[in-house]
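Structural features, examined
What follows is the residue order along each chain.
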Amino acid sequence: MKFESKLPNVGTTIFTIMSQLATDHKAINLGQGFPDFSPDDVLLDLVTKAMKDGHNQYPPMAGVPALRQQISLKVQELYGHKYDPNTEITVTSGASEALMAGILAFVKTGDEVIVIEPFYDLYIPVIELVGGKPVIVPMQAPTSETPRYQVDWQRIRDAITAKTRMLILNFPHNPTGINLTEEDLDSLESIVQDTGILLLSDEVYEHLVYDGQAHQSVARRPLLADHSIVVSSFGKTYSATGWKIGYCCAPAAISAEIRKVHQFNVFTVNSPMQVALASYMENKDAYLRLPAFYQQKRDRLLNGLAKSKFIPMHSEGTFFLMADYSQISSLPEAEFSRWLTTEKGIGVIPVSAFYKQPDAPESNHNLIRFCFAKRDETLDTAIEKLAAI
Ligand code: PMP
Ligand code: GLN
């Protein structure tokens, strides 16, 4: 049958490709972002209990009320904004579904959506599916004076036109590991004040911030919260990426539009996991302990790489860190990543995959992304192999 693809430029995601390559070559997979350890037994037992207690049929469309209540309490406690669990919080099939619902519900044909590059791979194809136009604004690349990626808010402001419908944010940022600062929120606030733009804020790594920093959620500022869809994921927070449960918080009128999409996309999300998560969230320590837990892993990899020819970049948040390999090879990032996986047994992700044109020289900075959400033994074995290169 002949047909015209709606996404002619989309192939299989880099995460799937690199994980498959790692499996095929029995490499240690530090590529795709997922822990190689299990969620807390307490949480697993709560899921079993929920199933045995009979939570096996459709839960309410917007999510189990007790879970929405817990999300509301957590967000209020951490960021100071109260979302009404009945009308402003929706449990979704991973953060992915929330992001997709946010774009489908608000972006119309011809609308522009600003995306900051490098970016997570989901945003642009979804914008294109609805006939929207992605407007890509690059981050400032690191220099010797500012050795960190940075958002240039003036460039974002300059990119806003009468057609701009949405600005997509993702902090802590995948793949650079940068966090927003209070000054960033000030700049954002002034842009929103002047333009009234809608923010889709992908905050899936909200609990993974290091060095004593606090996560600067857009929910901290009333004006920003009023203009935002804030998205998070239990997969990242509770080491259960395969469960595919996330949520989004947004003012009631915005949430109502998101739910119109959600109800016909998946209708609702599996009930036993939601019931279990609602009980588990009562223990705040399970997310409060994450910065210390992951910071130790970040430093383990950082210190390990210091003994190698890779030059690691600092990671302020997420469970990723990037490293420069220019002392080892001048191959483009995708080729170097394949070589590292197939010949040296370490699966990684080329950072160029987070650019609109991964093969272009401008997208290649000799950087690969490592995921450090791994057992210490896994990290140590990987470090040994990396140091030997
Ligand atoms: N956003 C970002 C920035 C991510 O890294 C991921 C990766 N998992 C997602 C969204 C998707 O999250 P989920 O698996 O909960 O759909
Ligand atoms: N978010 C994960 C990453 O950046 C991957 C999720 C996926 O494979 N879609 O590695």
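Residues numbered from 1 in each chain as written. Chains lettered and ligands numbered in written order. Predicted model: local features only at pLDDT ≥ 70, side-chain atom pairs only at ≥ 80, totals over all residues. Heavy atoms only, no water.

**Considerations on the site of ligand 2**
Put simply, the test is: Residues are classed as near a molecule or strand on a simple rule: at least one heavy atom within 4 Å of it. Polar contact criterion, stated in full: a pair of N or O atoms within 3.5 Å, where within protein one must be able to donate a hydrogen and the other to accept it, and residues adjacent in sequence count only if both atoms are side-chain atoms. Reported accessibility uses the Shrake-Rupley method at a 1.4 Å probe radius. Residues are deemed covered only where the shown protein chains occlude them.
Taken together, Phe15, Gln32, Gly33, Tyr120, Asn174, Tyr205, Lys236, Phe320 and Arg369 make up the full set of residues near ligand 2. Separating an oxygen atom of ligand 2 from a backbone N or O atom of glycine 33 is a distance of 2.6 Å. A distance of 2.9 Å separates an oxygen atom of ligand 2 from a polar atom in the side chain of asparagine 174. Considering ligand 2 on its own, with 300 Å² of exposed area, one finds that the protein chains cover 80% of that surface.

**As for the site of ligand 1**
Counted only if it meets this: Only DSSP runs of H or I reaching four residues or more are called helices, and only runs of E reaching two or more are called strands; each is numbered from the N terminus. Only Asp, Glu, Lys and Arg are considered charged, only Ala, Val, Leu, Ile, Met, Phe, Trp, Tyr, Cys and Pro nonpolar, and every remaining residue, Gly among them, polar.
Close to ligand 1 lie 13 residues; Ser96, Asp202, Tyr205, Ser233 and Lys236 are nearest. Measuring from an oxygen atom of ligand 1, one finds a backbone N or O atom of alanine 95 at 2.8 Å. If ligand 1 stood free it would expose 390 Å²; the protein chains cover 93% of that surface. Take the shell around ligand 1: its biggest share by element is four residues, from helix α4 (residues 94–106). Each residue belonging to the shell around ligand 1 can be placed in one class, and the counts come to five nonpolar, five polar and three charged.

**Considering the pattern of salt bridges**
Defined as follows: Whenever a carboxyl oxygen of Asp or Glu lies within 4 Å of a side-chain nitrogen of Lys or Arg, that contact is scored as a salt bridge.
This model, assessed by the stated rule, comprises 18 salt bridges. Here aspartate 211 makes a salt bridge to arginine 298, at a shortest N to O gap of 2.9 Å. Taken together, the residues span a long stretch of sequence, with aspartate 211 in the loop between β6 (198–202) and α8 (222–226) and arginine 298 in helix α13 (residues 290–306) at a distance of 87 residues. It is possible to trace a salt-bridge network through shared partners that takes in Lys297, Arg300, Asp376 and Asp380.

Keep in mind these values describe shape, not function.
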